[in-house]
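Fold and contact review
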Amino acid sequence: MPGTLVAMPGVLPDGETVPVDGSLPATATTAVGARGFGVYVHVPFCASRCGYCDFNTYTAAELGGGASREGYADTVLAELALAARVLGDSPPPRVDTVFVGGGTPTLLPADDLARILDGIDRTWGLAADAEVTTEANPESVTPESLKLLRAAGYTRISLGMQSAAPGVLAILDRKHSAGRATAAALEARDAGFEHVNLDLIYGTPGERAEDFAASLDQVVAAGVDHVSAYALIVEDGTRLAARMKRGELAYPSDDVAADRYLAAEAALDAAGLSWYEVSNWARTDEARCRHNLLYWTGADWWGLGPGAHSHVGGVRWWNVKHPSAYAQRLAAGASPGLAREVLTVDEAHMEDVMLRLRLASGLPLAVLDGTGRAGAERALADGLLDADEYGAGRAVLTLRGRLLADAVVRDLLP
């Protein structure tokens, strides 16, 4: 299915040890930011845990001692200082994008989010047209807090709506009311945010076609310029997975998810929002999430916060998960990095194909080897790749191809 929820994972991969000082191989720092540079800030706090969530987030009860919201901004700034030392004489030419995600970043005071952004600007310098995004739960913002965030330099907000149906929100353990997300979107516009996104989840057990249609209607009526829509993924260890194992809820249906995706494409396209990535639609080119485009096109970024992932010059690393361990390492003057990997040429190629094929711009056929070209020819014959784009030398998914994007990717790889 085309939509998978992308966020800070609850389970981290294995890898080689990160040096105590966080230093990178010299080959990784020769051209930092040549393809763009972003900063991701992970805020791991939530007021409550949603039943489907396996992200690296913590409620107050789950945190225990040694970590708190109150000192979190200072801890992030300590990692930022370490990052400045690591990049040293090879800093990025500018910071093109900042994305504060979670968790619920807006559980932190607006002043703390402002201090973090100011720290990034002082360290590396924000580009004049930098995109600065924060995620937010609809119930965690007010007109006043939104104005403070906008005044601090945040230009874009992404609100977790998920659904307009009360029954679906209840199954997902969302705490906001059915209309709160669209109300918050309007408040963000009034506060001066240049770009506003609403997130949807489709395929929740018990969701009817008319429930999803109503969600799409509300999104369109809110006048946002960006929409993300993801198929529900049931992760092991979550409350939702446990309920399904007990037979209380049905497992998601791929056929239903495909129907929902087609409904989203029809409604959003009719409202003037065009897909630019399989799970994302924007009203204009300027409304596209430039930070995510950095990820999808192989640029560099530094991830601040527990569990955060970074990528610089072909080296990818990830921080320790728990906020207490994260704070303790930084307090001791050590890198919070848990492990890292240096991507091989083949691994970089695989990721490039996987990510760029999901974009409306697709990828050049010239980057494929013989096996990949043969797979592209089969996909074209099956109606999964656009014939005109193929003739122009690019692999671009058709609507049907977007429904089967993972299968097409497998055909294009060695």
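Residues numbered from 1 in each chain as written. Predicted model: local features only at pLDDT ≥ 70, side-chain atom pairs only at ≥ 80, totals over all residues. Heavy atoms only, no water.

What follows covers empty space enclosed by the protein. Summed over all chains, the structure comprises one cavity of 30 Å³ or more. As a volume, the largest cavity reaches approximately 30 Å³. Contributing to the lining of the largest cavity are Val18, Gly22, Ser23, Leu24, Trp317, Ser335 and Arg340. Its residues assigned to classes, the lining of the largest cavity shows three nonpolar, three polar and one charged. (1 Å grid on protein atoms, 1.4 Å probe; cavity = no way out; pocket = protein on both sides within 12 Å on 5 of 7 lines; lining within 4 Å. Points joined across faces, edges and corners; volume = space filled by probe spheres on them. Nonpolar A, V, L, I, M, F, W, Y, C, P; charged D, E, K, R; others polar.)

At a minimum axis separation of 10 Å, helix H7 (residues 209-222) and helix H9 (residues 254-270) run at an interaxial angle of 30°. As judged from the angle between their axes, H7 and H9 are roughly parallel. As for the relative orientation of H7 and H9, their crossing is right-handed in sense. Here Ala209, Phe212, Leu216, Val219 and Val220 of H7 come into contact with H9, specifically with Arg260, Ala263, Ala264, Ala267 and Leu268. Here the contact of H7 with H9 is built from residues that sort into nine nonpolar, no polar and one charged. (Axes fitted to C-alpha atoms, helices over the stretch in contact; angles between N-to-C directions. Helix = DSSP H or I, 4+ residues; strand = E, 2+ residues; numbered from the N terminus. Parallel < 35°, antiparallel > 145°, perpendicular 65-115°, else oblique. Left-handed = near helix turned anticlockwise from the far one by under 90°. Contact = heavy atoms within 4.5 Å.)

The next subject is the pattern of salt bridges. On inspection of all chains with the given rule, the structure shows 22 salt bridges. Between Asp96 and Arg94 there is a salt bridge, with its nearest N and O atoms 2.6 Å apart. On the accessibility criterion, Asp96 (11% relative accessible area) is buried. For the salt bridge of Arg402 with Glu265, the shortest nitrogen-to-oxygen distance reads 2.6 Å. (Salt bridge = Lys/Arg side-chain N within 4 Å of Asp/Glu carboxyl O. Buried < 20%, exposed > 50% of the residue type's maximum accessible area, 1.4 Å probe, protein only.)

Our focus in this paragraph is the confidence of the model for the protein chain. Regions with low pLDDT should not have their predicted coordinates read in detail. Model confidence for the protein chain is summarised by a mean pLDDT of 93, while 96% of its residues fall at 70 or above. Across residues 1-10 the pLDDT falls below 50, and counting only partners more than four positions away or on other chains, this stretch makes 43 contacts in the model. (pLDDT = per-residue confidence, 0-100.)

In this section: the packing of helix H6 (residues 180-190) against H7. Packing of H6 against H7 brings their axes to within 9 Å, and their N-to-C directions diverge by 15°. When the interaxial angle is binned, H6 and H7 end up roughly parallel. Seen along the crossing, H6 lies across H7 with a hand that is right-handed. Residues Thr182, Ala185 and Leu186 of H6 pack against Gln218, Val219 and Ala222 of H7. Grouping the constituent residues of the contact of H6 with H7 by class yields four nonpolar, two polar and no charged.

In this section: the layout of surface pockets. Size it by volume and the second largest pocket reaches roughly 180 Å³. What lines the second largest pocket is a set of 14 residues, among which Asp129, Ala130, Glu131, Thr155 and Glu194 lie closest to the centre. Per element, the largest residue contribution to the lining of the second largest pocket is seven residues, and it comes from strand S4 (residues 126-136). Taken together, the residues of the lining of the second largest pocket break down into six nonpolar, three polar and five charged.

Bringing the packing of aromatic side chains into the picture now. Taken as a whole and assessed by the stated rule, the structure comprises nine aromatic pairs. Between the aromatic rings of Tyr40 and Phe99, the centroid separation amounts to 6.3 Å while the plane-to-plane angle is 20°, which identifies the pairing as stacked. Taken together, the positions of Tyr40 in strand S2 (residues 37-43) and Phe99 in strand S3 (residues 95-102) put the pair 59 residues apart, joining distant regions of the chain. No difference in accessibility class separates Tyr40 from Phe99, as the two residues are buried. Ring geometry for Phe45 against Tyr72: centres 5.1 Å apart, planes inclined by 80°, an arrangement best described as edge-to-face. A residue pair is termed long-range when its members are at least 10 positions apart, and Phe45 in the loop between S2 and helix H1 (60-63) and Tyr72 in helix H2 (residues 72-87) qualify at 27 residues. (Phe/Tyr/Trp six-rings, centres within 6.5 Å; stacked < 30°, edge-to-face > 60°.)

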